[in-house]
Each structure stands twice: as C-alpha cells, then as structure tokens.
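# An overview of the molecular structure
Listed here are the chains, written in short residue letters.
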Amino acid sequence: MIYKQGDFTPQLKKEIREKEQELKKLLETVLNEFQNVKSVRMKLEGSYDQDGEDPFQPGYCSSISLGLIDETDELIDLHTIKIWECERTLLGMPVSKNILGSKVTGELMDESAKKLKEEMREFVEDHMKE
C-alpha cells in the first residue's frame with residue numbers, strides 16, 4: 001500500500017515497526033524450520049536489512065532476505081521481501097534531492113504473514129527439489 005507524506009502519522013510508524021518485528025520473527029521461524037533439513041549441496045541463510053533510521057525519511061528501506069548458498073559459498077538464489085520503503089519522487093521517478101515539485105511517498109507491503117511464510121517455504125522447497 002502506498003502512502004503520501006501527509007499520511008505519515010505516529011500510528012503508521014507504529015504499524016511499520018510492528019510489521020518489521022513480525023517479519024523478523026517469521027524469518028527466524030522459517031530458518032529454524034529448514035535448519036534440520038541438512039543438504040549437502042546448499043545451505044539457507046536469512047537476514048533482516050534496514051537502511052536509515054527514520055521510516056519517514058527518503059532512503060529508508062527495510063526488508064528480509066532468504067539466500068541459498070552452495071558448498072563453495074556461492075549464492076545460488078536470493079529472495080528479498082521489502083517491508084517498507086520511503087522515497088522522494090518527481091514525476092514518478094526516484095530523485096535524491098529535494099527538487100521543487102518532488103513528493104515523498106512510502107510503500108508498506110500488505111501481504112499477510114501467513115502468505116509470506118508460504119512464499120518463503122515455496123522458495124526453499126523449490127530449490128531443495130532441484
């Protein structure tokens with residue numbers, strides 16, 4: 001869901017933080033679930049990533065990533081899910097400077113935790129079959 005700068009409220013900031021915490025826990029759950037599945041060919045790693053401190057400042061981005069790594073520590077595949085991203089745009093194109101007419105918007109993913117857990121499981125299981 002996309003939010004305009006006028007929609008940036010303390011309630012939205014709280015919702016963003018809660019979603020980030022929920023997905024951190026979800027990532028740990030999925031990693032623990034597949035931790036016992038020992039594969040000689042690959043291992044599973046995951047991380048929560050955050051750029052910036054204030055969710056309402058352009059450049060802030062939070063996401064979770066699942067990566068599959070082979071026995072030589074080469075990345076096989078990476079699946080990234082953005083939780084929240086705030087950016088400044090001008091005519092729909094991202095810009096880094098505050099140019100007259102530019103707007104600050106944020107996008108919060110609106111998928112349920114259940115659907116995301118299913119998506120992450122499918123990502124891992126698809127590669128385990130190969």
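Our subject is the structure listed above.
The model shown is predicted, which means the values in this text are computed figures rather than measured ones.

## With respect to the overall build of the protein chain
When its secondary structure is counted, the protein chain shows two helices and six strands. For the protein chain, the sequential pattern of α-helices and β-strands runs β-α-β-β-β-β-β-α. The principal-axis extent of the C-alpha atoms belonging to the protein chain is close to 55 × 30 × 20 Å. Contacts in the protein chain between residues far apart in sequence, at least 24 positions, make up 57% of those at least 6 positions apart. A total of about 8,500 Å² of accessible surface is found on the protein chain, and carbon and sulfur atoms cover 49% of it. Where the 19 positive side-chain charges of the protein chain centre and where its 28 negative ones centre are 5 Å apart.

## Topic: the packing of aromatic side chains
Counted according to the given criterion, the structure contains four aromatic pairs. For the ring pair tyrosine 3 and tryptophan 84, a centre distance of 6.2 Å and an interplane angle of 45 degrees mean the geometry is tilted. Of this pair, tyrosine 3 sits in strand E1 (residues 2–4) while tryptophan 84 sits in strand E4 (residues 75–90), placing them 81 residues apart in sequence. In this structure an aromatic cluster arises from ring pairing among Tyr3, Phe8, Phe56 and Trp84. The ring of tyrosine 48 is capped by lysine 24, whose NZ or CZ atom sits 4.4 Å from the centre of that ring.

## As for the environment of aspartate 54
As for its placement among the helices and strands, aspartate 54 is situated in the loop between strand E2 (42–51) and strand E3 (61–70). Separated by 34 residues in sequence, aspartate 54 and glutamate 20 place their C-alpha atoms 13 Å apart.

## What to know about the pattern of salt bridges
Per the stated rule, a full pass over the model turns up seven salt bridges. Between glutamate 45 and lysine 43 there is a salt bridge, with the nearest N and O atoms lying 4.0 Å from each other. Judged by relative accessible area, which is 41%, glutamate 45 ranks as partly exposed. Owing to a relative accessible area of 40%, lysine 43 belongs among the partly exposed residues under this scheme. Connected through salt bridges with shared partners, the residues Lys43, Glu45 and Asp73 form a single ionic network.

## Quick notes on a negative patch on the surface
Side chains of Glu118, Glu122, Glu125 and Asp126 sit close together on the surface and give a patch of like negative charge. Overall, glutamate 125 belongs to the partly exposed group, its relative accessible area being 37%.

## Some details on the pairing of E3
Counting buried residues along E3, ten of its ten residues qualify, which places the element largely inside the surrounding structure. Here E3 shows no split at all, with Cys61, Ser63, Ser65, Gly67 and Ile69 on one side and Ser62, Ile64, Leu66, Leu68 and Asp70 on the other all buried. Summarising the sheet, E2 and E3 pair through ten bridges and their orientation is antiparallel. In the sheet register, tyrosine 48 faces E3, and the bridge partner there is isoleucine 64. Here E3 runs beside E4; their pairing, made up of nine bridges, is antiparallel. Residue pairing for E4: leucine 66 is matched across the bridge by histidine 79.

So, how was this worked out
Residues numbered from 1 in each chain as written. Predicted model: local features only at pLDDT ≥ 70, side-chain atom pairs only at ≥ 80, totals over all residues. Heavy atoms only, no water. Helix = DSSP H or I, 4+ residues; strand = E, 2+ residues; numbered from the N terminus. Contact = heavy atoms within 4.5 Å. Areas by Shrake-Rupley, 256 points an atom, 1.4 Å probe, with all protein chains shown as cover. Lys, Arg positive; Asp, Glu negative; His and termini not counted. Charge placed at Lys NZ, Arg CZ, Asp CG, Glu CD. Phe/Tyr/Trp six-rings, centres within 6.5 Å; stacked < 30°, edge-to-face > 60°. Lys NZ or Arg CZ within 6 Å of the ring centre and 35° of its normal. Salt bridge = Lys/Arg side-chain N within 4 Å of Asp/Glu carboxyl O. Buried < 20%, exposed > 50% of the residue type's maximum accessible area, 1.4 Å probe, protein only. Patch = residues over 30% accessible without salt bridge, like charges linked within 9 Å, V, L, I, M, F, W, Y side chains within 5 Å. Pairing = 2+ DSSP bridges.

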